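Breakdown of the fold
Given next are the chains, with one letter for each unit.
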Amino acid sequence: MELTVGTIITGKVTSITKFGAFVALPDGKSGLVHISEVAGTFVSDVHDFLTQGQEVPVKVLSISPEGKISLSVKQAQPPKPRPPHGDRPARPRGPRPAPARSVPAQPAAPAELSFEDKLKQFMSVSDSKQSELNRYMASKRGGRRRK
C-alpha cells in the first residue's frame, strides 16, 4: 500500500517518548506522532493518551525526502460538533452602557413655584452632583488633597 499525504490508516504504537509516539504502519514503515498531534487538548504527557501496543487511526501529514513520516492522531478523529449558534448566549455589540449613577430624588415641581424657588432647587441639585463628581475624581487622583 502506497502512503500518500492525507490518508488515514491504522497503526500500532511501538514506543512512546517525551516528544511523541512512534507508530508502526503497514509495509514495515514507521512514523512519528508529535506530542502536539496526539490530542485536541493540551498534552503534557503522551502516556495519558496513548499506550504501547495500542492500535490507533493516524493521518499522514507529510513524508520527507529522507523517508520520515509525520502522523497525527487528532486529525484522524472526526471533528467535534460545534454547538449551534442559538445555544450560545448573545454577546452585546457596540459601546458598553454607562454605569448607573445615583441621582437624588427631586420633589415634584408644582406649577406655582416662583423663580427663586426653582433657582434654589436647581442650585441644590447642582451642588450635590458637583460634590459627587469631586469625590469620584479625587478617588481617581489618589484620594487626598493637600492642605
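That block above? That's the structure.
Residues numbered from 1 in each chain as written. Predicted model: local features only at pLDDT ≥ 70, side-chain atom pairs only at ≥ 80, totals over all residues. Heavy atoms only, no water.

Attention now moves to the environment of leucine 61. Looking at the element boundaries, leucine 61 is found in strand E4 (residues 55-63). The spacing of leucine 61 and valine 5 is 56 residues in sequence and 5.5 Å in space, taken between C-alpha atoms. Once you skip the residues sitting within four places of it in the chain, leucine 61 turns out to touch Val5, Glu37, Ser70, Leu71, Ser72 and Gln75. (Helix = DSSP H or I, 4+ residues; strand = E, 2+ residues; numbered from the N terminus. Contact = heavy atoms within 4.5 Å.)

Moving on to the sheet that holds strand E3 (residues 30-34). Here we have 5 strands rolled up into a closed barrel, ordered E1-E2-E3-E5-E4, and mixed in their pairing. Put simply, the sheet's adjacent strands are angled 50 degrees from each other on average, direction ignored. Of the pairings in the sheet, the one linking strand E2 (residues 20-24) to E3 comprises 5 bridges and is antiparallel in character. The residue of E3 that forms the bridge with alanine 21 is valine 33. (Pairing = 2+ DSSP bridges. Axes fitted to C-alpha atoms, helices over the stretch in contact; angles between N-to-C directions.)

On the surface, Phe115, Leu119, Phe122 and Met123 cluster together to form a nonpolar patch covering roughly 450 Å² of accessible area. Examined against the element boundaries, phenylalanine 122 turns out to sit in helix H1 (residues 115-141). (Patch = residues over 30% accessible without salt bridge, like charges linked within 9 Å, V, L, I, M, F, W, Y side chains within 5 Å. Areas by Shrake-Rupley, 256 points an atom, 1.4 Å probe, with all protein chains shown as cover. Salt bridge = Lys/Arg side-chain N within 4 Å of Asp/Glu carboxyl O.)

Our focus in this paragraph is the pairing of E3. Burial along E3 is one-sided: the residues Gly31 and Val33 are buried and none of Ser30, Leu32 and His34 is. Counting the residues that bridge the hairpin from E2 to E3 gives 5 residues, and of these aspartate 27 lies at a positive phi of roughly 70 degrees. As paired elements, E3 and strand E5 (residues 69-72) share 2 bridges and run parallel to each other. If you follow leucine 32 over to E5, its bridge partner there is serine 70. (Buried < 20%, exposed > 50% of the residue type's maximum accessible area, 1.4 Å probe, protein only.)

Position of glutamate 37 among the secondary structure elements: in the loop between E3 and E4. Buried charged residue glutamate 37 carries no salt bridge. Nearest counter-charge: lysine 74, at 4.4 Å. Excluding anything up to four places from it in sequence, glutamate 37 contacts Leu61, Leu71, Ser72, Val73, Lys74 and Gln75. (Lys, Arg positive; Asp, Glu negative; His and termini not counted.)

Any pair of aromatic rings gets described here by the distance separating the centres and the angle formed by the planes. Counted under the stated rule, the structure contains 1 aromatic pair. Ring geometry for phenylalanine 19 versus phenylalanine 22: centroids 6.3 Å apart, planes at 85 degrees, classification edge-to-face. Its relative accessible area of 39% is what places phenylalanine 19 among the partly exposed residues. (Phe/Tyr/Trp six-rings, centres within 6.5 Å; stacked < 30°, edge-to-face > 60°.)

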